[in-house]
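Now for the letters of each chain:
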Amino acid sequence: MASVVVAVLVAGLTSGAIYALATVGLSLVWGSMGMLNMAHAALLALGGYAAFTAVTTLGLPPVVGFVAAFAAGAAAGALLYVSIVRPLLRSAPAAFETNVLIATVGAGIALENAILMTYGGQPLKQPVAAAGAFAFEAGTIPVQNVVIVTVAVVLMVATALLLGRTKMGRAIRATAQNREAAELMGVPVGRVYLQVLMLSGMLAGVCGVLVSAITQLTPPLGNDPMLKAFIMCVVAGLGNLPGAIAASFGLAVIEAFVQYAAGARWGFPVLLFIVIAVLVWRPSGLFGRAQIRRV
Amino acid sequence: MMPEAAASPLPVRRRNTAARADLAVAFVLIAAAVALPFLVDSRYVLGQVVLALFYATVATQWNLLFGFAGVFSLAQMAVFAFGGYATAMLCFYFGWSVWGAIPVAAVATAAASLVVGLACLRLTGVYVALLTLAIAQVMYVLIVTDTECFVMVGSTCRQFTGGAVGFARFGDFGMRALLKGQWLVGNYAIVAAVFAVTTFITYLVVKSPVGLAFRALKDNPACAVARGVNRFTAQLAVFGVSAFFTGLAGGVYAAHFQAIGPGVLSLSQLLFIVAIAVVGGVGQFWGPIVGTIVLVAADEAMREAGEFRTLGLGIIIAASMVLMPNGLVGRFHDLARFLAARRAPAAPPAVSPAE
Amino acid sequence: MADAAAARAATIPRETGAVLLALDGVVAGYGGPAVLKGVSLAVGRGRLVTVVGPNGHGKSTLLRTISGLTRRTAGTITVAGRPTAGLSASAVARLGVAHVPQGDMLFPEMSVGENLMMGAYLERDERATARRLDEVFALLPKLADRRRQIASSLSGGERRMVGIGRGLMMGAEIMLIDEPSLGLAPLVIEQIYEVIATLKASGRTILLVEENPARVADIADAMHLLDDGEIVWSGPPAELLAREELMSTYLGG
C-alpha cells in the first residue's frame, strides 16, 4: 500500500514540478504583457528536439542538450516578439489580448508542424535522461524524477532571484504592475517585453526536455502540459506566480491519484471540473485580485 | 474656432447605404446558391460546396459570439460535435428520424452550452478561451479513449460515445429515396437553406437591441453598464443562440454525411474555423463568408501539398492577424472609406459623431 | 485668427533664464476630437510655472503629452533645446523629464523603497542613487519610516509623497507635477505644498498643474489658464486671483 502511495506521490510531484515550471513562463508573460502565449506548447517541443539534435545527432554531452534547449527557446521567444508581439502592439493595441492569442495559436501550430516535418512524427527517445532508481523501504523513486524536480526547482528559484534582486527583474515587475509608470521612469518597455519572451522561451525549452525525458519526444508533447499549466494559472489567479506554483503541485498530485483510482483518461476531466468549480466560486481565482488590465 | 460640423445627414445616409449594401450582397449570394446546382456538373465540386457551407455556418456563429458579443470561445467545434453526436445517438439508440432528431439535438446543445456559459461567462476574455479550449479537449479525449463496450452490434463492440470510430449509417434526409441520382442536390438545398436561415437570424441579432448593446459595451463599457446593459446576461443569450445554430449545423452535418466521429473535434478543424473568421475579418458580418471562400479555395489549391496544410494554416492565421487585424472585409471597408474621403475633399476634417 | 494668436502670444510672460521646456502650438487628443487645441508656453530654469483650469479641459493631457504618454498630432515640444518629436515616453524621461502623474501610478505590489529605487532606474552610478535616496528621505521623513511597506497599503497622502519622491529620484532637469492636491485632506495638502515649496526654493524647474489657483498662488512664478484645450490667459498668479470675471467664468468663483 505504502509503495503505491509513494509511486503516486512521486508521479504527482514530478508532473507538478513540470507544470509549475510551465506556469512560471506563462505567468511571467501574462503578468507583464497581458499576453496568453498559445505558442508556449510548441516552445516546449522545440526545446526537447533541440536537446535531441545536440546530443543524439551531433553527439555532444547531455549538458549541452540543456544549453541547446535554452538557446532554442530564447531564440524562438525573441522571434515571437519581433514578428508578432511588436507589430500587434503597434497596429492594434486595444485588441492586443485577443489578437495575440489568435496569432500565437497560428504560430504555435506552424512551429509544431515544422518540427513534425523536420523530425517526423514517430516518438523519439530523449537522450538527456537519467537511469536508475533510489530504493527505500516504502518504495522506489526513479532518479529521473528526482532530477526533474531538482532542475525545475532550481530554475524557479533562479527566476525568482532574477525578478526580485536584479535591475532587469525589477523593471519587469514594474512594467507588469504599471506599464505607463514604468515608461515614465525611463524603462524601455519594448526591450522588457523582449526579455520576458526570451526568458519564458528558455524556461519552456528546458521544460520540454524534462517532459520528453519522462514521456516521449513527439511534436505535440507540449500541448497537454501547456493547457494544464494555463488552467493552473487561471485557478490561482492569472499573474499570481507563487499561487500558480502551489496550485501546480497540488492539482498535479490530485490528478495522479485520480488517474490511479479511475484510469488515465479521467485525470484531466476531474482537474477541469475542480478548476471550473473554483472559478464559479471565485471568478478571480483562488488567490487572485480582480485586476484592471490596461494594455 | 472652426465652425462645428452640424448634425450632418451623413451618418443616416451611411447607415442606409450599409443596409442596402448588405441586401445587395445577400441577393447575390442567394442567386449564386440557387443557380449553382444547375451550373455545376461535378458531384465532387457540389460536395465541396456543401462542406464549405458548413464551415461558413459555424464560422458565422463563432464570429457572432466572438466578433460581436466578445465571447472568446474555443469550444465551437465541441458544440458542433455535440449537436452531431446528439442527432446520431437519438437516431441510433432510439430509432428516430433525422428530421426529428436534429431540432431536438440543437435544443439540447443550446441547453448544455448555457450550463457551460453560466460557469464560464462571468470571467473575462481570455479566461473563457482557455476554459472552453479545455472543455473541448476533455470532450475529445473522453470520446476517443472510450473503450468500454456499451452495446453489441452484430459481432462488433460499440462504445456509448462511439469511441474513436464514431457513429455511422443511422439515417439520412431521405433524399436518395426522393431524388435518386440527384440526392446530393437535395441535401445541398437543405444545407444551403439552413445556412441562409441561420445567417439571416444572425443578422437580426446583430442589428437588434442585443447587438447594439454589445457595440456599446465595446465602445464604452463604463457608459454601457451605467445605462443598465448587463454584459453577463447578454453574452449568455448570444452564447445560447449561437450554440443552438451550431448544434443544428452539427446535426445536419451528421445527417448529410451519415457519419459523425471525434475528427470534427480535432484542433485542426477549430483552427480552420478561426482562420476563416480571422482572414475574413473578426467582427465584420460578411467576414466569415469571405473567409470561407478564400480559405476553401486555398485549401483546394494546397490539396497536393499534404503535410504543409496545417503548417500553412498556422502561418496564414498568424500572418493575417499581424498584417490584417481587421481581415479582408476590414481592408475593404478601409478602402471604401479612403475612396469616399477623396471624393469629398471640401468637407472639413470634422469630428465624426460616434456611429 | 492670426491676430488673436499674436495677441495671445504677447500676453505670455517671457520666461526668465534659460528656457528648459517649450511648447509651441501643441495639438493632442485620444483619437477622437482634440483635447489640446494649440497650446504654447515656456518654462525657464528654476521657475515654477502653473497651469490651472476647470477639470476635463486638458491639464492632465498637457503633461502626458509633454512626457510622451500621449501622442501629439501637431506642434512642437522641446526639452532643453531638444525636440521630443517621435520619442517614446521612456526616451523623453531620458532627456531629463520627471513626470509625477495624476493618481500617483505607483507600483502597487512594490514597497516604498522599491518604488523609489525604480525612480532611479536610469541612474547607473550607485553612489549617486544612494545619495539621492538620502535626500528624498530627508525631505520626506515619513517615507523613511514606511520604507518596507507595500505601496498599495499606504494612505492617500503617503502615496502622493512616494510619487513625488520617486520623481525626485529621477534626478531630472524638469519636474511635471499633476494635481498634487487631488483627493487629499486639507492638512495633507498643506504638507505636500510645503514639500513643493522646498523644491522650488532649492532651484528646481517645475511645471505644475492644479485645479484651484489659490493653492499655488504663493509659490508660482507664472500662471496659465487652460480652458477647453486652449490657454486663454497668462500672467502673474496674483493678477488672476484679482480678476473676478476670469475666476467666475472659468473657475467657478
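Residue numbers here run from 1 along each chain, matching the order of that chain's written sequence. To label them, take the chains in the order written and letter them from A, then take the ligands in the order written and number them from 1. Thresholds applied to this predicted model are a pLDDT of at least 70 for local features of residues and 80 or more for the giving and counting of side-chain atom pairs; totals over whole chains, interfaces and linings are not thresholded and use all residues.

## Notes on the overall build of chain C
So, step 1. Within chain C one finds 11 helices and 10 strands.
So, step 2. In terms of C-alpha radius of gyration, chain C reaches 18 Å, essentially the compact-globule figure of 18 Å for 253 residues.
So, step 3. A principal-axis box enclosing the C-alpha atoms of chain C has dimensions of 55 × 40 × 35 Å.
So, step 4. Relative to its 253 residues, chain C shows a buried fraction of 43%.
So, step 5. Two residues qualify as being in contact provided that their C-beta atoms, derived from the backbone, are within 7 Å of each other. Partitioning the intrachain contacts of chain C with sequence separation of at least 6 by distance along the chain shows that 69% fall at a separation of at least 24. Secondary structure counts use DSSP, requiring at least four H or I residues in a row for a helix and at least two E residues in a row for a strand, with both numbered from the N terminus. The globule rule used for comparison is 2.2 Å times the number of residues to the exponent 0.38, while the radius of gyration itself is calculated over C-alpha atoms. Counts of 20 or more other C-beta atoms within 10 Å of a residue's own C-beta define buried residues, counts of 12 or fewer define exposed ones, and intermediate counts define partly exposed ones; C-beta atoms are placed from the backbone.

## With respect to the overall build of chain B
So, step 1. Along chain B, the regular secondary structure elements total 14 helices and 4 strands.
So, step 2. A globule of 355 residues ought to have a C-alpha radius of gyration of about 20 Å, and chain B, at 22 Å, matches this closely.
So, step 3. With respect to the principal axes defined by its C-alpha atoms, chain B has extents near 90 × 50 × 40 Å.
So, step 4. Nonlocal contacts in chain B, meaning residues at least 24 apart in sequence, comprise 74% of its contacts between residues at least 6 apart.

## A closer look at the interface of chain A and chain B
So, step 1. Each partner contributes residues to the interface: chain A has 33 residues there, and chain B has 32 residues.
So, step 2. Elements represented by at least two residues in the side of chain A that touches chain B include exactly helix 3 (62-91), helix 4 (96-119), helix 9 (223-236) and helix 11 (267-281) of chain A.
So, step 3. In this classification, the charged set is Asp, Glu, Lys and Arg, the nonpolar set is Ala, Val, Leu, Ile, Met, Phe, Trp, Tyr, Cys and Pro, and all remaining amino acids, among them Gly, are polar. Residue composition of the side of chain A that touches chain B, grouped by class: 26 nonpolar, 5 polar and 2 charged.

## Topic: the packing of helix 2 (residues 43-68) of chain B against helix 12 (residues 287-301) of chain B
Residue and element names in this part refer to chain B.
So, step 1. To define axes, lines are fitted to C-alpha atoms, for helices over the stretch in contact only, and angles between the resulting N-to-C directions are given on a 0 to 180 degree scale. Two numbers describe how helix 2 lies on helix 12: the axes approach to 8 Å, and their chain directions differ by 140°. It follows from the interaxial angle that helix 2 and helix 12 lie oblique. In this structure, helix 2 crosses over helix 12, and the sense of that crossing is right-handed. In contact with A52, Y55, A56, A59, T60 and N63 of helix 2, helix 12 contributes G287, P288, I289, G291, T292 and V296.
So, step 2. Taken together, the residues of the contact of helix 2 with helix 12 break down into 7 nonpolar, 5 polar and no charged. Roughly parallel refers to an angle under 35 degrees, roughly antiparallel to one over 145, roughly perpendicular to one between 65 and 115, and oblique to any angle outside these ranges. Note on convention: the crossing is left-handed when the near helix lies turned anticlockwise from the far helix by less than a right angle, right-handed when the turn is clockwise.

## Section: unusual backbone geometry
So, step 1. Positive phi values are uncommon outside glycine, yet R169 of chain B reaches one of about 50°.
So, step 2. Along the polypeptide, R169 of chain B turns up in the loop between strand 3 (167-168) and helix 6 (175-179).

## Some words on the nonpolar core
So, step 1. We define the nonpolar core as any set of buried residues of the types Ala, Val, Leu, Ile, Met, Phe, Trp, Tyr and Cys, connected via C-beta atoms lying within 7 Å of each other. In terms of nonpolar packing, the biggest core is built from 285 residues, with I273, A275 and I317 of chain B together with I174 of chain C touching the most fellow members.
So, step 2. With 16 residues, helix 8 (residues 189-214) of chain A is the single largest residue contributor to this core.
So, step 3. Mapped onto the domain boundaries, this core takes at least three residues apiece from domain 1 (42-264) and domain 2 (266-344) of chain B.
So, step 4. The contacts of I273 of chain B, once residues within four sequence positions are left out, are Y55, V58, A59, W62, Q76 and M77 of chain B. Delimitation of the domains relies on an automatic or database domain assignment.

## Observations concerning the sheet that holds strand 9 (residues 222-227) of chain C
All names here are of chain C.
So, step 1. A pair of strands is labelled paired if DSSP reports no fewer than 2 bridges between them. Spatially, the 6 strands line up as an open sheet ordered 6-7-8-3-9-10, and their pairing is mixed. The open sheet has two edge strands, strand 6 (97-100) and strand 10 (230-235), and neither has a second partner. Averaged over all pairs of adjacent strands, the angle between their axes in this sheet comes to 20°, without regard to strand direction.
So, step 2. As paired elements, strand 3 (residues 48-52) and strand 8 (residues 205-210) share 5 bridges and run parallel to each other. When the sheet's bridge partners are listed, L48 is paired in strand 8 with I206.

## Considering the interface of chain A and chain C
Many authors give the size of an interface as the accessible area that is lost as the parts come together.
So, step 1. Taken together, the contact pairs 15 residues of chain A with 20 residues of chain C.
So, step 2. Looking at the side of chain A that touches chain C, the element that brings in the most residues is helix 6 (residues 167-177) of chain A, giving 5 residues.
So, step 3. Here the residues of the side of chain A that touches chain C sort into 8 nonpolar, 3 polar and 4 charged.

## So, the confidence of the model for chain B
As a note on interpretation, predicted positions should not be read in detail where pLDDT is low.
Residues and elements named next belong to chain B.
So, step 1. Per-residue pLDDT for chain B averages 83, and the proportion of residues at 70 or more is 92%.
So, step 2. Confidence, read as mean pLDDT per element, is least for helix 9 (residues 221-226) in chain B (72) and greatest for helix 3 (residues 76-94) (92).
So, step 3. Every residue is assigned a pLDDT by the predictor, reflecting its confidence on a scale from 0 to 100. Across residues 1-10, confidence stays below pLDDT 50; counting only partners more than four residues off in sequence or on other chains, it has 4 contacts.
So, step 4. Here residues 350-355 scores under 50 on pLDDT; set against residues more than four positions off or in separate chains, the count is 6 contacts.

## What to know about the domain arrangement of chain B
Residue and element names in this part refer to chain B.
So, step 1. In terms of domains, chain B is made up of domain 1 (42-264) and domain 2 (266-344).
So, step 2. The interface of domain 1 with domain 2 comprises 18 residues on the first partner and 16 residues on the second.
So, step 3. Of all the secondary structure elements, the ones that give two or more residues to the side of domain 1 that touches domain 2 are helix 2, helix 3 and helix 7 (183-207).

## As for the environment of T14 of chain A
Residues and elements named next belong to chain A.
So, step 1. Looking at where T14 falls in the secondary structure, it is placed in helix 1 (residues 2-33).
So, step 2. Residue classification places T14 among the buried positions, given that 23 C-beta atoms sit within 10 Å.
So, step 3. Distance in space between the C-alpha atoms of T14 and P283 is 28 Å, their sequence separation being 269 residues.
So, step 4. With residues up to four places along the chain from it excluded, the contact list for T14 reads N145, I148, V149 and I214.

## Looking at the sheet that holds strand 5 (residues 82-83) of chain C
Pairing between the strands of a sheet is mediated by backbone hydrogen bonds and can be parallel or antiparallel.
Residue and element names in this part refer to chain C.
So, step 1. In spatial order, the strands read 2-1-4-5; together these 4 strands make up an open sheet with antiparallel pairing. Single-partner strands in this sheet number two, and they are strand 2 (34-44) and strand 5.
So, step 2. The sheet contact formed by strand 4 (residues 72-79) and strand 5 spans 2 bridges and is antiparallel. Paired with T78 across the bridge in strand 5 is P83.

## A closer look at the pairing of strand 8 of chain C
Residue and element names in this part refer to chain C.
So, step 1. By the criterion of burial, strand 8 is predominantly enclosed, with 6 of the 6 residues buried.
So, step 2. Burial along strand 8 is two-sided: the face carrying T205, L207 and V209 and the face carrying I206, L208 and E210 are both buried.
So, step 3. Here strand 7 (residues 174-178) runs beside strand 8; their pairing, made up of 5 bridges, is parallel. Paired with I177 across the bridge in strand 8 is L208.

## Description of the pairing of strand 10 of chain C
Residue and element names in this part refer to chain C.
So, step 1. Pairing of strand 9 with strand 10, which is carried by 5 bridges, proceeds in the antiparallel orientation. Across the sheet, D227 pairs through a bridge with E230, a residue of strand 10.
So, step 2. In this structure, the hairpin formed by strand 9 and strand 10 is closed by a connection of 2 residues, where D228 is found at a positive phi of approximately 50°.

## Here we look at the environment of G190 of chain A
So, step 1. Mapped onto the elements, G190 of chain A comes out in helix 8.
So, step 2. Counting along the chain gives 90 residues from G190 of chain A to V100 of chain A, while the straight-line C-alpha distance between them is 16 Å.

## Focus on helix 11 (residues 267-280) of chain B
So, step 1. Here helix 11 of chain B contains 14 residues, and its C-alpha end-to-end distance of 20 Å stays within 8% of the 20 Å for a straight helix at 1.5 Å per residue.
So, step 2. Along helix 11 of chain B, 11 of the 14 residues are buried, which leaves the element largely enclosed by surrounding structure.
So, step 3. All of the buried residues along helix 11 of chain B are L270, L271, F272, I273, V274, A275, I276, A277, V278, V279 and G280 of chain B.
So, step 4. Those residues of helix 11 of chain B that are buried are in contact with helix 4 of chain A together with helix 2, helix 3, helix 12, helix 13 (308-323) and helix 14 (327-343) of chain B.
So, step 5. One or two steps after helix 11 of chain B, the chain reaches G281 of chain B, where phi turns positive at roughly 130°. By definition here, a helix of n residues has an expected span of 1.5 Å times n minus one.

## A closer look at the packing of helix 1 of chain A against helix 9 of chain A
Residue and element names in this part refer to chain A.
So, step 1. It is at 8 Å that the axes of helix 1 and helix 9 come closest, and there the two elements cross at 70°. As far as their axial angle goes, helix 9 and helix 1 are roughly perpendicular. Crossing handedness for the pair helix 1 and helix 9: right-handed. Residues I18, Y19, A22, T23, L26 and S27 of helix 1 form the contact with helix 9, whose participating residues are P225, M226, K228, A229, F230, M232 and C233.
So, step 2. Classifying every residue of the contact of helix 1 with helix 9 gives 10 nonpolar, 2 polar and 1 charged.

## Focus on the environment of F195 of chain B
All names here are of chain B.
So, step 1. You can see F195 is positioned in helix 7.
So, step 2. For the pair F195 and T60, spaced 135 residues apart in sequence, the C-alpha to C-alpha distance is 9.4 Å.
So, step 3. The residues contacting F195, other than those within four sequence positions of it, are L53, A56 and T57.

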